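# Notes for the structure review
So the chains spell out like this:
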Amino acid sequence: MGIYFDLDYLIKTFPIILSYVHTSLLITLVAGVIGIVIGSIVALIRINKITILDKLAAIYISFIRGTPFLVQLFLAYFGLPELMQKLGYQGIREIPTLFYVFIVFSLHVGAYIAEIIRSAILAVDKGQLEAAYSIGMGAIQAYSRIILPQAFSIAIPTICNIIISTLKGTSLVFNVGVIDMMRKADLMGANSHRSLELYINVAIIYILLVFIISKVSTFIEKRQVGYHQMNNL
Amino acid sequence: MIEFRNIHKAFGENKVLKGINCTIPTGSVTVIVGPSGSGKTTLLRSVNFLERADSGEIILDDIHLDVEKATKADIHKIRQRTAMVFQTYNLFKNKTALENIMEGLAIVRKVPKAAAKEKALHFLEKVGLGHKAAAYPHELSGGQQQRIGIARALALNPDVILFDEPTSALDPELVGEVLEVMKKVTQEVNCTLVVVTHEIAFAREVADHVIFMDGGVIVEQGPPQEILNHPKEDRTKQFLSRYISLVEYNI
């Protein structure tokens, strides 16, 4: 432990840490896509107050919002295999840990996005739905072609915030044994006793990723800016 | 033909329609006038079930519906035969002018895309906005939006077009262009047109049939000369007084 802070070591290990970035990106991508699908469905269930499903959706959202993310991760990681075994499924050992991670992240993102989309749908002018019905569209066509596209463009900035916090949330998955950037930094630090440099690398990579996501978000928003001015009238 | 039989509708305690009975003949231009709050918009919206009446029957040619028992399929059927022009235009904000017109053709009527586009362009030309095909609603003036709203309804070639105060949200100098288009529609199109409006002069010029409503009932109805120039009921006279005196001054 001669030098307190070793810049060379930091630069040297950066590519190694970076080579684990795909885990975080994959989890965010899967959770983002599935989460938006779940969120849209749950939002529509809540808006149209479909019996029973509406109650279930409310319970789902308040559970996800009411429990810490790490707790949800552990519940799925330790609870789901138990549950599946009880239900008679034998091949639990073959299921990769990442599977549970995908489930938890997707459900987590889905619950938050459901609330965002719900309020975005309510923000779309009621006349849009009436116009869709008046030309003979059914509910599914009206929502998928007219209402949801408009709701999404209202919701884009908030959805991007959720995606960003999901990305940062992936730094918790080492707790269930998935090797991501955090875990790699941990392991390397245990050998080299230079944890600070490694964690700085992790921080730099996260900052860069978040920066890129916000840029993409702004780009999409700008493309819709004229349309947004209309909505704000 | 549209027929209303004993239509009742209340919003909470407020009874908006108190037993409407009337027949609107096929191919006619029927104008519904009356003070605000008289229920004329509600009556119009009950035809395509944007507002569901509480009781009564609605007959559209061969579709005979008891509003209390109407199923989703019934409502869908009636909406396929009608189109509506809204007070606030309600163009789809995420679609261009052309796509707004194509939407009903390509998605609802399942017309092949190329044919739908051609037809949509034709109707866009008809309302004088062929050069605005690629414009989004927010890039257009109120008058232009409403003309596209009319083109969207026309393109579907419906049996009935319902006009819900199509000029009420427009700036005064834009009203003319929309009325001009509507006049053209009444001359060229042979579907049934039902127009709720405050434009008495327009009603006098194009209507075949005028219905005067007040307080949720039809006070009187008949040919425009009769209702607008020689109303029998006091309530109608009172409502029309400012319009009639205007005409006398002009003479």
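Fair warning: this is a prediction, and the values are worked out from it, not measured in the lab.

What counts and what doesn't
Residues numbered from 1 in each chain as written. Chains lettered and ligands numbered in written order. Predicted model: local features only at pLDDT ≥ 70, side-chain atom pairs only at ≥ 80, totals over all residues. Heavy atoms only, no water. Contact = heavy atoms within 4.5 Å. Buried area = accessible area lost by both parts, 1.4 Å probe. Salt bridge = Lys/Arg side-chain N within 4 Å of Asp/Glu carboxyl O. Polar contact = N/O pair within 3.5 Å; in protein donor to acceptor, adjacent residues only side chain to side chain. Pairing = 2+ DSSP bridges. Helix = DSSP H or I, 4+ residues; strand = E, 2+ residues; numbered from the N terminus. Axes fitted to C-alpha atoms, helices over the stretch in contact; angles between N-to-C directions. Patch = residues over 30% accessible without salt bridge, like charges linked within 9 Å, V, L, I, M, F, W, Y side chains within 5 Å. Areas by Shrake-Rupley, 256 points an atom, 1.4 Å probe, with all protein chains shown as cover. Buried < 20%, exposed > 50% of the residue type's maximum accessible area, 1.4 Å probe, protein only. Parallel < 35°, antiparallel > 145°, perpendicular 65-115°, else oblique. Left-handed = near helix turned anticlockwise from the far one by under 90°. pLDDT = per-residue confidence, 0-100. Phe/Tyr/Trp six-rings, centres within 6.5 Å; stacked < 30°, edge-to-face > 60°. Lys NZ or Arg CZ within 6 Å of the ring centre and 35° of its normal.

### Considerations on the interface of chain B and chain A
- Contact with chain B, which involves 24 residues of that partner, is made by 21 residues of chain A.
- Here chain B meets chain A over a buried area of about 2100 Å², counting both sides, of which 58% is carbon and sulfur.
- Of all residues in chain B, Phe92(B), Lys93(B) and His138(B) bury the most surface against chain A, accounting for 30% of the area lost on that side.
- Counting across the interface, chain B meets chain A through two salt bridges.
- Here chain B is connected to chain A by nine residue pairs in polar contact (both at pLDDT 80 or more).

### Focus: the sheet that holds strand S4 (residues 55-60) of chain B
Residues and elements named next belong to chain B.
- One open sheet holds the four strands; their spatial order is S2-S1-S4-S5, and the pairing between them is antiparallel. The open sheet terminates on both sides in strands that have one partner only, identified here as strand S2 (14-24) and strand S5 (63-66). In this sheet, adjacent strand axes meet at a mean angle of 15° when their direction is disregarded.
- Relative to S4, strand S1 (residues 2-11) runs antiparallel, the two being bridged by five bridges. Directly across from His 8, in S4, lies its bridge partner Ser 55.

### Here we look at a nonpolar patch on the surface
Residues and elements named next belong to chain A.
- A grouping of Tyr 4, Phe 5, Leu 7, Ile 11 and Leu 196 is seen on the molecular surface, where their side chains present a nonpolar patch of about 560 Å² in accessible area.
- Position of Tyr 4 among the secondary structure elements: in the segment before helix H1 (7-18).
- Judged by its relative accessible area of 74%, Tyr 4 is exposed.

### Overview of the packing of helix H4 (residues 113-126) of chain B against helix H5 (residues 142-155) of chain B
All names here are of chain B.
- Running from N to C, H4 and H5 point in directions that differ by 135°, and their axes come no closer than 9 Å. On the basis of the axis angle, H4 is oblique to H5. In this structure, H4 crosses over H5, and the sense of that crossing is right-handed. Each of Lys 119, Phe 123 and Leu 124 in H4 lies in contact with H5, whose residues at this interface are Ile 148, Ala 151, Leu 154 and Ala 155.

### Some details on the confidence of the model for chain A
Residue and element names in this part refer to chain A.
- A residue-level look at chain A finds 95% of positions with pLDDT of 70 or above and a mean pLDDT of 90.
- Per-element confidence in chain A is highest for helix H6 (residues 126-134), whose mean pLDDT is 96, and lowest for helix H10 (residues 225-232), whose mean pLDDT is 50.
- Contacts of residues 228-233 to residues separated by more than four positions or lying in other chains number six contacts, the stretch itself having pLDDT below 50.

### Description of the packing of aromatic side chains
- Evaluated as defined, the whole model comprises six aromatic pairs over all chains.
- Their ring planes at 80° and their centres at 6.2 Å tell us that Tyr77(A) and Tyr100(A) sit as a pair that is edge-to-face. On the criterion of sequence distance, the pair formed by Tyr77(A) in helix H4 (residues 69-86) and Tyr100(A) in helix H5 (residues 97-123) is long-range, its members being 23 residues apart.
- The buried category is assigned to Tyr100(A), whose relative accessible area is 5%.
- When the centroid spacing of 5.3 Å and the interplanar angle of 45° are considered together, the rings of Phe212(B) and Phe239(B) count as tilted. Placement of the pair is Phe212(B) in strand S9 (residues 209-214) and Phe239(B) in helix H9 (residues 234-250), with a sequence separation of 27 residues. Residues Phe212(B) and Phe239(B) agree in their burial class; the two are buried.
- Its guanidinium or amino end placed over the ring of Phe92(B), Arg152(B) lies 4.7 Å from that ring's centre, counting from NZ or CZ.

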